[in-house]
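Coordinates in review
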Amino acid sequence: VGGRELVLVNPADPTGETSAVVEAAIAARGGRLVGIAITGLRPEQHAGVEFHAAGGGLPVVGGPGAARLAPYPVLELAPGAAAPFGDVALTAAAAPGPEAGAIDYLLPEERRLP
């Protein structure tokens with residue numbers, strides 16, 4: 001998500017093939033990865049975080065409770081808070097359900113698909 005300062009959302013697959021696709025997409029936009037946003041802690045939501053964040057020391061945001069459950073540092077966002085990185089605001093929104101650390105993200109109105 002973003003223009004030149006990109007945020008990777010839910011990097012699930014840490015394999016080299018997926019990483020190459022992500023890196024190619026970033027390069028095609030002429031941007032750089034500045035942070036990671038996760039919507040929860042199921043493997044399909046965050047299995048690739050350490051792979052993508054470890055080398056660059058990228059910050060990671062998640063929902064309430066994510067910091068105590070994730071195996072890496074997470075800045076927890078309360079609903080209504082914006083991720084502190086990226087050039088397109090990702091605003092946290094409540095994600096009702098039983099999963100600790102779950103959160104949704106809203107894009108600014110002008111960035112949403114019709």
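1. A closer look at unusual backbone geometry
If you check the backbone angles, N10 has positive phi at about 50° while not being a glycine. Inspection of the secondary structure assignment puts N10 in the loop between β1 (5-9) and α1 (16-29). With relative accessibility at 22%, the residue N10 sits in the partly exposed group.

2. Some details on α1
Between its terminal C-alpha atoms α1 stretches 20 Å, which fits the 20 Å expected from 14 residues at 1.5 Å a residue. Turning to α1, its buried residues number three or more, namely S19, V22 and I26. Projected down its long axis, α1 shows its buried positions confined to an angular sector of 65°, all on one face. Turned more than 90 degrees from where α1 packs its buried face, E17, V21, A27 and A28 sit exposed. The positive-phi residue at the C-terminal boundary of α1 is G30, with phi of around 70°.

3. Concerning the environment of G3
Looking at where G3 falls in the secondary structure, it is placed in the segment before β1. The class for G3 is partly exposed, based on a relative accessible area of 28%. Spatially, the C-alpha atoms of G3 and G30 are 8.5 Å apart, while their sequence positions differ by 27 residues. With near-sequence residues (within four places) excluded, G3 lies in contact with R29, D87 and V88.

4. A closer look at the pattern of salt bridges
Tallied over the full model, the rule gives 2 salt bridges. Notably, a salt bridge pairs R32 with E5, separated by 3.5 Å at the nearest N-O pair. Taken as a pair, R32 in strand β2 (residues 32-37) and E5 in strand β1 lie far apart in primary sequence, 27 residues in all. Residue E5 is classed as partly exposed on the basis of its relative accessible area of 33%. The salt bridge involving R42 is made with E99; its shortest N-O contact spans 2.5 Å. A residue pair is termed long-range when its members are at least 10 positions apart, and R42 in the loop between β2 and α2 (43-46) and E99 in the loop between β5 (91-93) and β6 (104-106) qualify at 57 residues. Since its relative accessible area comes to 24%, E99 is described here as partly exposed.

About the criteria used
Residues numbered from 1 in each chain as written. Predicted model: local features only at pLDDT ≥ 70, side-chain atom pairs only at ≥ 80, totals over all residues. Heavy atoms only, no water. Helix = DSSP H or I, 4+ residues; strand = E, 2+ residues; numbered from the N terminus. Buried < 20%, exposed > 50% of the residue type's maximum accessible area, 1.4 Å probe, protein only. Expected span 1.5 Å × (residues − 1). Arc of directions from axis to C-beta. Contact = heavy atoms within 4.5 Å. Salt bridge = Lys/Arg side-chain N within 4 Å of Asp/Glu carboxyl O.

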